[in-house]
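Chain and residue survey
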Protein chains: 2
Amino acid sequence: MDSLRCIERLEKKGVRATSIRILVLDALMNASGTMSLADLEAVLETVDKSSIFRTLEIFEKHHLVHSIDDGTGSIKFEVCEGEDDCTIADMHTHFYCEKCHRTFCLKEISAPLVDLPEGFQANSVNYIIKGLCPDCCR
Amino acid sequence: MDSLRCIERLEKKGVRATSIRILVLDALMNASGTMSLADLEAVLETVDKSSIFRTLEIFEKHHLVHSIDDGTGSIKFEVCEGEDDCTIADMHTHFYCEKCHRTFCLKEISAPLVDLPEGFQANSVNYIIKGLCPDCCR
DNA sequence: TCCTTCAGCGCAACCCGGTTGCATAGAGAT
DNA sequence: ATCTCTATGCAACCGGGTTGCGCTGAAGGA
């Protein structure tokens, strides 16, 4: 789609904009929800699994995307929203539908953060609710 | 240890108390925190992996234990507290130490439950905070 | 007590997502 | 044009989880 925006975004984060990286980022930005490595593999047929894997690794390190573990056994990826780095406060709620097996980002609901006992230091939060999505409820 | 308590607990939930099931339940009840399948395998050297796996499957179905996905790639198990079935309100907070790779149960802190958008129906919550535990902080 | 039956178990193989080593291709610098 | 170093593809590997299958041992009935 608009690969220019992707290139811009990549360079802003100090990541060299190679063709594959543009493809991966573009796929993630155009995704309706989260995407797993397998999802990306399916969309980007020509690109090797390990290349996507390493690309995601780099993206994550440079705070272009973050990963969510929804407990399905395959990690989901999602582009970071803000221009700046994702902080713990930016983590939002995710919802996993046990019927259609989709993972939803509830961006408007930030993940709650409880008070931890003395001595624990929080770095990130993984908050995922499982159940039935609106499509599967009825 | 006190296998009598295990037998009682098993039968109360309608699970036949075989020797292996008693061993597994006993190991879980005496564990300081959560245990993975690999942990159980290590403790119960004589018992086959698949037997433990199927035992846990049965335990979970009968609400003797519940599983937690802490994002490490290996699912953790923990005995259900109350006499009754685990409900969504019983889910508590877990903490994963990124340094020593232990998963802590913060039983006193129940997992927060946010209001979901119209149409979503929650069945369970997975709330895990990652960071450094007291031992690893200093 | 003996026989039948079936759940429980061990073994081995398999599956799948993720990960890594290595050789090549390609972009950027000189 | 050549050199260098990063990015990529390929193939193999890894580990947790899962399954098929045959044996075993306990429960139940004659």
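Please refer to the structure higher up on the page.
Residues numbered from 1 in each chain as written. Chains lettered and ligands numbered in written order. Predicted model: local features only at pLDDT ≥ 70, side-chain atom pairs only at ≥ 80, totals over all residues. Heavy atoms only, no water.

Residue and element names in this part refer to chain B. Applying the stated criterion across every chain, the model contains zero disulfides over all chains. Free cysteine: Cys136, not disulfide-bonded; nearest cysteine sulfur from Cys97 at 3.7 Å. Taking the relative accessible area as the measure of exposure, Cys136 reaches 12% and is therefore buried. (Disulfide = S-S within 2.5 Å. Buried < 20%, exposed > 50% of the residue type's maximum accessible area, 1.4 Å probe, protein only.)

Attention now goes to the sheet that holds strand S3 (residues 76-79) of chain B. All names here are of chain B. Pairing is antiparallel in the open sheet, where three strands are placed in the order S1-S3-S2. Edge positions in the sheet fall to strand S1 (35-36) and strand S2 (65-68), since each has one partner strand and no second. Bridge count for S1 against S3 is two bridges, and the pairing is antiparallel. Within S3, the residue paired with Met35 across the bridge is Phe77. Helix H2 (residues 19-30) contacts S1, S2 and S3 of the sheet and is inclined by roughly 90° relative to S3. Packed onto the sheet, helix H4 (residues 49-61) meets S2 and S3 and runs at close to 110° relative to S2. (Pairing = 2+ DSSP bridges. Helix = DSSP H or I, 4+ residues; strand = E, 2+ residues; numbered from the N terminus. Contact = heavy atoms within 4.5 Å. Axes fitted to C-alpha atoms, helices over the stretch in contact; angles between N-to-C directions.)

Glancing now at the side chain of Lys76 of chain B. Residue and element names in this part refer to chain B. Inspection of the secondary structure assignment puts Lys76 in strand S3. Given the relative accessible area of 8%, Lys76 is considered buried. Side-chain polar atoms of Lys76 contact the backbone oxygen of Ser74, separated by 3.0 Å. When sequence neighbours within four positions are dropped, the list of residues in contact with Lys76 reads Thr34, Met35, Ser36, His66, Ser67, Ile68, Asp70 and Thr103. (Polar contact = N/O pair within 3.5 Å; in protein donor to acceptor, adjacent residues only side chain to side chain.)

Right, let's talk about the relation of the copies chain B and chain A for a bit. Its rotation angle being 179°, the transformation that places chain B on chain A also includes 0.0 Å of axial translation and leaves an RMSD of 0.1 Å. Such values leave the two copies arranged in the relation of a two-fold axis. It is Tyr127 of chain B whose C-alpha, among those of chain B, lies nearest the rotation axis, at 2.3 Å. Interface overlap between copies is the fraction of interface residues in one copy that are interface residues in the other; for chain B against chain A it reaches 100%, indicating a shared surface. (Least-squares fit on C-alpha atoms with pLDDT ≥ 70 in both.)

Glancing now at the protein's contact with DNA strand D. Close contacts around DNA strand D come from 19 residues, with Thr18, Ser51 and Arg54 of chain A together with Phe53 and Ile75 of chain B the closest. Close to the protein, within 4 Å, the atoms of DNA strand D belong to sugar or phosphate groups at a rate of 67%. Between a base oxygen of DNA strand D and a side-chain N or O atom of Arg54 of chain B, the distance comes to 2.8 Å. Elements that contribute at least two residues to the surface near DNA strand D include exactly helix H2 (19-30) and helix H4 (49-61) of chain A together with H4 of chain B. The element best represented in the surface near DNA strand D is H4 of chain B, accounting for four residues. Looking at the surface near DNA strand D, its residues break down into five nonpolar, seven polar and seven charged. (Near = heavy atom within 4 Å. Nonpolar A, V, L, I, M, F, W, Y, C, P; charged D, E, K, R; others polar.)

With that settled, the discussion passes to the protein's contact with DNA strand C. Phe53 and Ile75 of chain A together with Thr18, Ser51 and Arg54 of chain B are the nearest of the 19 residues found near DNA strand C. Sugar and phosphate atoms represent 65% of those atoms of DNA strand C found within 4 Å of the protein. Interatomic distance of 2.6 Å between a side-chain N/O atom of Arg54 of chain B and a base oxygen of DNA strand C. When contributions to the surface near DNA strand C are tallied by element, the ones reaching two or more residues are H4 of chain A together with H2 and H4 of chain B. Here the element with the most residues in the surface near DNA strand C is H4 of chain A; it accounts for four residues. Among the residues making up the surface near DNA strand C, the classes are represented as five nonpolar, seven polar and seven charged.

Ranked by internal contacts, the top residues of the largest apolar core, which has 29 residues, are Phe95 and Tyr127 of chain A together with Phe95 and Tyr127 of chain B. Breaking this core down by element, the ones donating at least two residues are strand S4 (92-97), strand S5 (103-110) and strand S6 (121-132) of chain A together with strand S4 (92-97), strand S5 (103-110) and strand S6 (121-132) of chain B. A total of four residues in this core trace back to one element, the largest contributor, which is S6 of chain B. Those residues in contact with Tyr127 of chain A that lie beyond four places of it in its chain are His92, Thr93, His94, Ala111 and Pro112 of chain A together with Pro112, Leu113, Val114, Val125, Asn126 and Tyr127 of chain B. In this structure, Val15, Leu25, Val65 and Phe77 of chain A belong to the second largest nonpolar core, which totals 20 residues. (Core = buried A, V, L, I, M, F, W, Y, C linked by side-chain atoms within 4.5 Å.)

Let us look at the pattern of salt bridges. All names here are of chain A. Within the structure shown, the criterion is met by six salt bridges over all chains. Taking the shortest distance from any N to any O, the salt bridge between Glu78 and Lys107 comes out at 3.9 Å. Linking Glu78 in strand S3 (residues 76-79) with Lys107 in strand S5, this pair joins segments that are 29 residues apart in sequence. Judged by its relative accessible area of 4%, Glu78 falls in the buried class. You can call Lys107 partly exposed: its relative accessible area is 41%. (Salt bridge = Lys/Arg side-chain N within 4 Å of Asp/Glu carboxyl O.)

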